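Structure at a glance
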Amino acid sequence: MASLGNSFVFASSSMRTISPTNITHKPSSLSPQLGFLNSQLCGLRISTQTSLKLPTPIVASPFQPIVAKRVCPFTGKKANKANKVSFSNHKTKKLQFVNLQYKRVWWEAGKRFVKLRLSTKALKTIEKNGLDAVAKKAGIDLNKK
C-alpha cells in the first residue's frame, strides 16, 4: 500500500485508487448485535469481543483394548525399579520387567489345556507342585479360563 497525497493505492490484480472521500461506511443491521466493526480500508471484519473457545473434551470409548498387566497372577511378581549404571558411574532409572510367558498348561482336574500368562518362576513351581495346588494357593479359579 502506497500513499499518494490524500489517496491510498492497493497493490492487487486490479490497481485502484481510493480517496478518503470515496470511502463510505454502511453500518449493517447485524453489526451492533454481533459486536463487529467493519474495516473501512479492506472490508475485513474486526471483532471487538473476545470469546474463548474451549476445546471439546475427549471421551474415552468403552470399547478400548484391554492391556494385560505385567504381573504374574500366581506369584505376584511385578516390575522392579533399578538403576542403570554406566561406565562413568552415571545412574539412570529403569524398570526390570518380569519374564512373563503365554503357556498352555494341562489341567488334570479339568481334563483340558488352560492358556495362562505366567512368569517362568511360576512355571517351575507348577511343574514341582502341580497346577491345582499353585492355583489354590494363589486364589485363582481355573474353571472360568
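An account of the accompanying structure is given in this report. Sequence order as written defines the numbering, with residues in each chain counted from 1. Selection of residues for local features in this predicted model requires a pLDDT of at least 70, selection of side-chain atom pairs for listing and counting requires 80 or more, and totals for whole chains, interfaces and linings are taken over all residues. Excluded from the side-chain calculations are hydrogens and water; all other atoms, namely the structure's heavy atoms, are used.

Examining the overall build of the chain
Applicable threshold: Working definition: helices are DSSP H or I runs of at least four residues, strands are E runs of at least two. Numbering for both runs from the N terminus. Three labels apply to residues, based on accessible area from a 1.4 Å probe with only protein chains included: buried if under 20% of the type maximum, exposed if over 50%, partly exposed otherwise in between. Here, two residues are considered to be in contact whenever any of their heavy atoms come within 4.5 Å of each other. For every accessible area listed, the method is Shrake-Rupley and the probe measures 1.4 Å; residues are considered covered only by the protein chains on display.
The secondary structure content of the chain amounts to three helices and nine strands. Residues counted as buried form 17% of the 145 residues belonging to the chain. Contacts in the chain between residues at least 24 apart in sequence constitute 27% of all its contacts with a sequence separation of at least 6. If you sum the accessible surface of the chain, you get close to 12,500 Å²; carbon and sulfur atoms cover 57% of it.

Considering the pairing of strand β7 (residues 91-96)
Applied cut-off: A strand pair is defined by DSSP finding two or more bridges across the two strands.
The sheet contact formed by strand β6 (residues 80-85) and β7 spans six bridges and is antiparallel. Paired with Lys81 across the strands is Leu95, a residue of β7. Hairpin remark: β6 followed by β7, antiparallel, with five residues in the connecting loop; positive phi at Asn89, about 65°.

Here's the deal with the packing of aromatic side chains
Basically, it comes down to this: Aromatic rings from Phe, Tyr and Trp, with only the six-membered ring used for Trp, were paired whenever their centres fell within 6.5 Å, and each pair was classed as stacked if the ring planes differed by under 30 degrees, edge-to-face if by over 60, and tilted otherwise. Criterion for a charge above a ring: Lys NZ or Arg CZ within 6 Å of the ring centre, and within 35 degrees of the ring normal.
Considering all chains together, one arrives at one aromatic pair under this definition. With a centroid separation of 5.1 Å and 75° between ring planes, the pair formed by Trp106 and Phe113 is classed as edge-to-face. Accessibility expressed as a relative area gives 38% for Trp106, which makes it partly exposed. The ring of Phe97 has Arg70 sitting right over it, with the charged end atom 4.0 Å from the ring centre. Over the ring of Phe113 we find Arg104, and its NZ or CZ is 4.1 Å from the ring centre.

Some thoughts on helix α3 (residues 131-138)
In plain terms, the rule: Of all possible arcs, the one meant is that of the directions from the helix axis to the C-beta atoms.
Every buried residue of α3 is listed here: Leu131, Val134 and Ala135. Along the axis of α3, the buried positions cluster into a sector of 95°, meaning they face one direction only. Among the exposed residues of α3, those pointing more than 90 degrees away from its buried face are Lys136 and Lys137. Buried-residue contacts for α3 involve β8 (100-107), β9 (112-119) and α2 (120-129). Taken from the residues just after α3, Gly139 is the one with a positive phi, measuring 80°.

These results come straight from atomic positions and should not be treated as a statement about function.
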